[in-house]
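# Residue-level structure breakdown
Below, each chain spelled out in residue letters.
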Amino acid sequence: MNSTDADQTIGIDRLYKNYEILSEAKDKITEHEAEYKEILDAIKGSAKEKRLASQFIGKFFKHFPTLAETAIDAQLDLCEDEDIQIRRQAIKDLPQLCKDSKENTAKIGDILAQLLVVEDASELTQVHLSLQTLAKYDAKGTLAGIFSQILTGDEATRSSCFKFVQTKFRNLGTEVITKEIEEFMISEIKKILQDVTAEEFHICMTILGSTKLGTSVTGHNELVALSIEQAELDGNIDPIAIDDEVVERYIQCANHALPYFSSQVESTKFLKFMCEKFLPLTTWNIIGATEQQDQMQLRLLKVFAEMCKFSGQLDKPSEKIEAIFNVLQEYMPLPPFDSEVIDENPSFQFSHAECLLYALHALGKQFPEFFAFSTEPNKLKEFRSRLQYLARGTQGYIKKLQESVKGKTPEELKSEENQIKITALKTTSNISALIRDLFHSPPSFKSIVNLSWITKTTANNQQERGQKRHAPITFGSKSGEGTDDNKKARNGNEQRVYTPPSGKYSNKVQNYSHKNRSRGGFRGGNQGKNFRRY
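Bear in mind that the values here come from a model prediction, so they are computed numbers and not experimental data.

Helix and strand content of the protein chain: 22 helices and two strands. Scored against the burial criterion, the 534 residues of the protein chain give a buried share of 51%. The contacts of the protein chain with a sequence gap of at least 6 include a subset with a gap of at least 24, amounting to 73%. In the form shown here, the protein chain has an accessible surface area of approximately 25,200 Å², with 48% of it arising from carbon and sulfur atoms.

Per the stated rule, a full pass over the model turns up 20 salt bridges. Taking the shortest distance from any N to any O, the salt bridge between Glu-232 and Arg-249 comes out at 3.4 Å. Placement of Glu-232 in the loop between helix H12 (217-231) and helix H13 (244-257) and of Arg-249 in helix H13 is noted, with a sequence separation of 17 residues between them. Overlapping salt bridges bring together Lys-272, Glu-276 and Lys-320 as one network.

Along its 16 residues, helix H16 (residues 293-308) runs 23 Å from first to last C-alpha, staying within 8% of the 22 Å computed at 1.5 Å per residue. Burial within H16 is extensive, with 14 of its 16 residues counted as buried.

The next point concerns unusual backbone geometry. A cis amide bond links Ser-441 to the next residue, Pro-442, at an omega of -5 degrees. Of note, the phi angle at Glu-232 is positive, near 60 degrees, even though the residue is not glycine. Since its relative accessible area comes to 25%, Glu-232 is described here as partly exposed. You will see that Lys-316, though not glycine, has its phi angle at about 50 degrees, which is positive. When you line up the elements, Lys-316 lands in the loop between H16 and helix H17 (317-330).

Another point: the packing of aromatic side chains. Applying the stated criterion across every chain, the model contains 17 aromatic pairs. Relative to Phe-270, the ring of Tyr-250 lies with its centre 5.6 Å away and its plane at 65 degrees, an arrangement referred to as edge-to-face. Taken together, the positions of Tyr-250 in helix H13 and Phe-270 in helix H14 (residues 268-278) put the pair 20 residues apart, joining distant regions of the chain. We note that Tyr-250, like Phe-270, is buried. By way of ring pairs, the aromatic residues Tyr-250, Phe-261, Phe-270, Phe-273, Phe-278 and Phe-310 are connected into one cluster. A cation over a ring is seen here: Lys-302 above Trp-453, with NZ or CZ 5.3 Å from the ring centre. When the ring centre of Phe-439 is taken as reference, the NZ or CZ atom of Arg-384 above it lies at 4.0 Å.

What follows concerns helix H4 (residues 68-79). Each full turn of the α-helix corresponds to 3.6 residues, which orients residues three or four apart in the same direction. For H4, spanning 12 residues, the distance from its first C-alpha to its last is 17 Å, which sits close to the expected 16 Å at 1.5 Å a residue. Of the residues making up H4, those classed as buried are Ala-68, Ala-71, Ile-72, Ala-74, Gln-75, Leu-76, Leu-78 and Cys-79. On its buried side, H4 packs onto helix H2 (33-41), helix H3 (47-59), helix H5 (84-93) and helix H6 (105-114).

In this section: the side chain of Ser-54. As for its placement among the helices and strands, Ser-54 is situated in helix H3. There is a polar contact of 2.9 Å between the side chain of Ser-54 and the side chain of Gln-75. In contact with Ser-54, other than residues within four places in its own chain, are Gln-75, Leu-78, Gln-89, Ala-90 and Asp-93.

Our next topic: the side chain of Ser-311. Mapped onto the elements, Ser-311 comes out in the loop between H16 and H17. Among the polar contacts made by the side chain of Ser-311, one reaches the side chain of Gln-366 at a distance of 3.4 Å. Contacts of Ser-311, omitting those with residues within four sequence positions, involve Ser-267, Thr-268, Leu-271, Leu-363 and Gln-366.

Ranked by size, the top nonpolar core spans 150 residues in total, and within it Tyr-36, Phe-169, Tyr-250, Phe-270, Phe-278, Phe-304 and Leu-357 carry the most contacts. Per-element tally for this core: the top contributor is helix H18 (residues 350-364), with 10 residues. Apart from the residues lying within four places of it in its own chain, the contact partners of Phe-270 are Ser-227, Ile-228, Ala-231, Leu-233, Tyr-250, Cys-253, Ala-254, Ala-257, Phe-261 and Met-307.

Once that is clear, we can look at the confidence of the model for the protein chain. Chain-level statistics for the protein chain give a pLDDT mean of 83 and a share of 81% at 70 or above. The model gives residues 475-528 a pLDDT under 50, and that stretch makes 146 contacts with residues more than four places away or in other chains.

Conventions and cut-offs
Counting from 1, residues in each chain are numbered in the order their sequence is written. Thresholds applied to this predicted model are a pLDDT of at least 70 for local features of residues and 80 or more for the giving and counting of side-chain atom pairs; totals over whole chains, interfaces and linings are not thresholded and use all residues. Excluded from the side-chain calculations are hydrogens and water; all other atoms, namely the structure's heavy atoms, are used. Each helix corresponds to a stretch of at least 4 residues labelled H or I by DSSP, and each strand to a stretch of at least 2 residues labelled E; elements are numbered beginning at the N terminus. Any residue under 20% of the maximum accessible area for its type is buried, any over 50% is exposed, and the rest in between are partly exposed; the area is computed with a 1.4 Å probe on protein chains only. Contacts are assigned to residue pairs that have any heavy atoms within 4.5 Å of one another. The accessible surface values rely on the Shrake-Rupley method and a 1.4 Å probe; as for residues, cover is taken only from the protein chains in view. By salt bridge we mean one thing: a side-chain nitrogen of Lys or Arg within 4 Å of a carboxyl oxygen of Asp or Glu. Given the number of residues in a helix, its expected span is that number minus one, multiplied by 1.5 Å. Between 30 and 60 degrees the pair is tilted, below 30 it is stacked and above 60 it is edge-to-face, where a pair is any two Phe, Tyr or Trp rings, Trp via its six-membered ring, whose centres lie within 6.5 Å. Two thresholds decide whether a charge sits over a ring: the Lys NZ or Arg CZ must be within 6 Å of the ring centre and within 35 degrees of the ring normal. N or O atoms closer than or at 3.5 Å make up a polar contact, with two conditions inside protein: a donor-capable atom paired with an acceptor-capable one, and, for residues adjacent in sequence, both atoms drawn from side chains. Here, nonpolar core refers to any group of buried Ala, Val, Leu, Ile, Met, Phe, Trp, Tyr and Cys residues whose side-chain atoms link them within 4.5 Å. Each residue carries a pLDDT value, the predictor's own confidence for that position, ranging from 0 to 100.

And the structure:
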């Protein structure tokens, strides 16, 4: 045995001896501070001494309050060790420092939150387990530490903390997440929502929706109010200056509000903003970049149509209805003057038309006088002509689609291509029903229409609304199978989602990334992490 092995043996034997002394001391344990100090000093020893020291530090931590800071620093040194085995052991033992000393939980929670960005999978798993153990000792203190990193950590740490709360913490059950803890979590997330990115907003709203807020009308009102605030619906936005970022923010916020609208929680503010800011033709025609304009406009129209069902009484409804009417006409061309081509299959964007006809039908009942066009008889004549032409094209498409799926087995109908055709049938059937009502004189608003993209699955799982939409339904002038928009959707290219810059959907979040941080980084490769100490 060489001298190094002999020294190691002496150190390990001494550690076990100190452990025995402290374990057997019982009420007189505080008289053995020297033995505990030797355990703390062992973090400078061999790998085995370090792992043993890690286990013993937490075991006797509560008995030596005057050495608390020294003990915490010693444990953190082990968490920063270059040896991954030592780090994993130290991370596993960190919660023991708080088992009987809850005043340290927030501090240890903060440290473990910093470790959520470690690269090694086994090390990360141990961080998750340690945070969950810590939460069982003191959930509020653990959350306080995690939220501290969300507020002051770098972007990677902040993101990891959000995901941990969403995927791990929320699964700890009611024994850990009591009413008090849920209230604390809701309060902290509301503070965080003042300064979040788009992805963070999605996570925050998902977490909040899983709390008591998602189970009551009062809570639904709160969640909708948070979406309204995030969408900045009360802001003074010039319709001429609206860009894709503003539109995308509106779509995302509206989709998060959608599950909570009802007869008691109205969507009126979202509808008002849409009609006043997005639907004026000068604005509508510039929404979306050139190659994705139809997609962004369609996503906007879909969420708008879904919200119309929950509208309260609109202020100046005639103006809102006229805005919808004007955009609808963009998707309802006049029939050609040449009688020789009148019977050819016309080209329509049926998905866009469905949304706008539905909105006109849903909100038109608030001011049916609009459709009289008493001072503009030519406008009424033109509108009816457009409706007739769209109805003709719709009936032609319905006939082709019915022939296409006729005789198919239930299994064959499950194919992606046939599902697109079935959705197209729903779309065109809805358009036919809406046209019949609007063609009445005066218009009728009796038909009950279920929007074509709302399935039983999406209705029962409204939190996921907006994540998967059907392809836009069009009908080309020379093709019975639709335009290239359908082909792109079948190839998986449908809906390239616009990603806004970081910040409160724009420019505010940058403030967090440089606040109150004095952290180092990794020492290279997959070595230990230097923490922000207290």
